Number of protein chains: 2
Amino acid sequence: MRIGELAERTGISRRLLRYYEEQGLITPERCANGYRVYSEEFVDRVTQIRGLLDAGLPTRIIRQVLPCLNRPRDIHFTDATPEMLALLERERDAMSRRIEVLARNREAIGAYLVAVRDR
Amino acid sequence: MRIGELAERTGISRRLLRYYEEQGLITPERCANGYRVYSEEFVDRVTQIRGLLDAGLPTRIIRQVLPCLNRPRDIHFTDATPEMLALLERERDAMSRRIEVLARNREAIGAYLVAVRDR
DNA sequence: TGAAACCCTCACACTCGTGTGAAGGTAAAG
DNA sequence: CTTTACCTTCACACGAGTGTGAGGGTTTCA
């Protein structure tokens, strides 16, 4: 599949797909004319990258973390250095905090909306 | 309280506090010599701004939304135009989606950590 | 009085994730 | 053959956040 199809299937712009490649998060094949060629698994992979980005992880961290979190469920332990594990733990905790803040603010907005509706 | 104390109490740098002011998110008093003066409520206010920013709302939206979400719990209905309400609803839903993604990715990382620990 | 620790504005500059468009090559269909 | 829809790289620009520094005022305390 070429970049346009992947973009359509993941909802990620071509631009961003190229950016993720530039950042070393994905490395598609190239065919003779230079076009990028993506295999099926890139759909999942790209979706996961988006998820992690939305989670607030910078590409720098994602680059380190992705090899561990590889899809499908065959977890790779190869590169799980203690530093990496500590990093992952910190990120997981940061995500928990982010979720809490997010939920709290969503409740605040939700409560406001309810209050206005019942006014 | 002056900017240094607020920075210390909220964990937000002076630089950013000035930036939020520049963006119209907070408007501290000034005393005669030009120093910014913050009342107690700014601690909450600034924390909430950070929360909303972390939640992915741009300052542009926060600026519109903050007057409605004012602390403490005395909700202001004054500026609740239908457009604003629709905006808030959309943002709330976007936050829900973001929370889901975040939670899913946290689980993925958590599962990985558990798997590595139990190896 | 002087030094330390605040504060002010202004401004340059960098990162990061994105959008957008230019200039050009390629492929498929009329 | 030409049009259309892809693809390529390159580059400028934005918003949000952030660091840093210059140049200058104020407060506090020894």
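Every value quoted in this text rests on a predicted model; they were computed, and no experiment measured them.

(A) Representation of the overall build of chain A within the structure. Along its length, chain A carries five helices and two strands. Counting all 119 residues of chain A, 42% fall into the buried class. A total of about 6,800 Å² of accessible surface is found on chain A, and carbon and sulfur atoms cover 48% of it.

(B) Molecular detail of the interface of chain A and chain B. Facing 32 residues of chain A, the contacting portion of chain B comprises 30 residues. Overall, the association of chain A and chain B removes approximately 3,300 Å² of surface from exposure, summing both partners, and the carbon and sulfur fraction of that is 80%. Contact with chain B buries area across many residues of chain A, yet Leu102(A), Ile109(A) and Tyr112(A) alone supply 23% of it, more than any other trio. Counting across the interface, chain A meets chain B through two residue pairs in polar contact (both at pLDDT 80 or more). Counting residues per element, the ones that place at least two in the side of chain A that touches chain B are helix 3 (41-54) and helix 5 (82-117) of chain A. Counting residues per element, the side of chain A that touches chain B draws most heavily on helix 5 of chain A, which supplies 20 residues.

(C) Representation of the packing of helix 2 (residues 14-22) of chain B against helix 3 (residues 41-54) of chain B. All names here are of chain B. Look at helix 2 against helix 3: their axes get within 12 Å of each other, and the N-to-C directions meet at 80°. Considered as vectors, helix 2 and helix 3 are oriented roughly perpendicular to each other. In contact with Leu-16, Leu-17 and Tyr-20 of helix 2, helix 3 contributes Val-46, Ile-49, Arg-50 and Leu-53. Its residues assigned to classes, the contact of helix 2 with helix 3 comprises six nonpolar, no polar and one charged.

(D) Fine view of the relation of the copies chain A and chain B. Of the two same-sequence chains, chain A is brought onto chain B (RMSD 0.5 Å, axial shift 0.0 Å) by a rotation of 180°. The operation mapping one copy onto its partner corresponds to a two-fold rotation axis. Residue Ile99(A), judged by its C-alpha, is the member of chain A lying nearest the rotation axis, at 3.0 Å. Both copies share a contact surface, since 94% of the interface residues of chain A are interface residues in chain B too.

(E) Looking closely at the protein's contact with DNA strand C. Within the structure, DNA strand C sits among 20 residues, and Tyr19(A), Arg50(A), Gly4(B), Arg14(B) and Arg36(B) are positioned closest to it. Near the protein, meaning within 4 Å, the atoms of DNA strand C are sugar or phosphate in a fraction of 68%, with bases accounting for the rest. The side chain of Tyr20(A) places a nitrogen or oxygen atom 3.1 Å from a phosphate oxygen of DNA strand C. For DNA strand C, a phosphate oxygen lies 2.8 Å from a polar atom in the backbone of Thr59(A). Where the surface near DNA strand C is concerned, the elements lending two or more residues are helix 2 (14-22) and helix 3 of chain A together with helix 1 (3-10) and helix 2 of chain B. Sort the elements by how many residues they give to the surface near DNA strand C and helix 2 of chain A lands first, with four residues. Of the residues that constitute the surface near DNA strand C, the class distribution is eight nonpolar, five polar and seven charged.

(F) How the structure looks around the protein's contact with DNA strand D. Close contacts around DNA strand D come from 20 residues, with Gly4(A), Arg14(A), Arg15(B), Leu16(B) and Tyr35(B) the closest. In the interface set of DNA strand D, defined as its atoms within 4 Å of the protein, sugar plus phosphate atoms amount to 69%. Arg36(A) places a side-chain nitrogen or oxygen 2.7 Å from a phosphate oxygen of DNA strand D. A distance of 2.6 Å separates a base nitrogen of DNA strand D from a polar side-chain atom of Tyr35(B). Elements with a minimum of two residues in the surface near DNA strand D: helix 1 (3-10) and helix 2 of chain A together with helix 2 and helix 3 of chain B.

(G) Layout of the packing of aromatic side chains. All names here are of chain A. Going through the model one piece at a time under the given rule, you end up with four aromatic pairs over all chains. Taking the centre distance of 6.1 Å and the plane angle of 55° together, the rings of Tyr-19 and Tyr-20 count as tilted. The class for Tyr-19 is partly exposed, based on a relative accessible area of 29%. The class for Tyr-20 is buried, based on a relative accessible area of 1%.

(H) Looking closely at the environment of Leu25(B). Residues and elements named next belong to chain B. Turning to its location among the elements, Leu-25 is positioned in the loop between helix 2 and strand 1 (29-30). Given the relative accessible area of 1%, Leu-25 is considered buried. Along the primary structure Leu-25 and Arg-60 are separated by 35 residues, whereas in three dimensions their C-alpha atoms are 9.0 Å apart. Among all residues touching Leu-25, those that are not within four sequence positions of it are Tyr-20, Arg-45, Ile-49, Thr-59, Ile-62, Arg-63 and Leu-66.

Basis of the calculations
- Residues numbered from 1 in each chain as written.
- Chains lettered and ligands numbered in written order.
- Predicted model: local features only at pLDDT ≥ 70, side-chain atom pairs only at ≥ 80, totals over all residues.
- Heavy atoms only, no water.
- Helix = DSSP H or I, 4+ residues; strand = E, 2+ residues; numbered from the N terminus.
- Buried < 20%, exposed > 50% of the residue type's maximum accessible area, 1.4 Å probe, protein only.
- Areas by Shrake-Rupley, 256 points an atom, 1.4 Å probe, with all protein chains shown as cover.
- Contact = heavy atoms within 4.5 Å.
- Buried area = accessible area lost by both parts, 1.4 Å probe.
- Polar contact = N/O pair within 3.5 Å; in protein donor to acceptor, adjacent residues only side chain to side chain.
- Axes fitted to C-alpha atoms, helices over the stretch in contact; angles between N-to-C directions.
- Parallel < 35°, antiparallel > 145°, perpendicular 65-115°, else oblique.
- Nonpolar A, V, L, I, M, F, W, Y, C, P; charged D, E, K, R; others polar.
- Least-squares fit on C-alpha atoms with pLDDT ≥ 70 in both.
- Near = heavy atom within 4 Å.
- Phe/Tyr/Trp six-rings, centres within 6.5 Å; stacked < 30°, edge-to-face > 60°.

No statement about biological role is implied by the geometric values presented.
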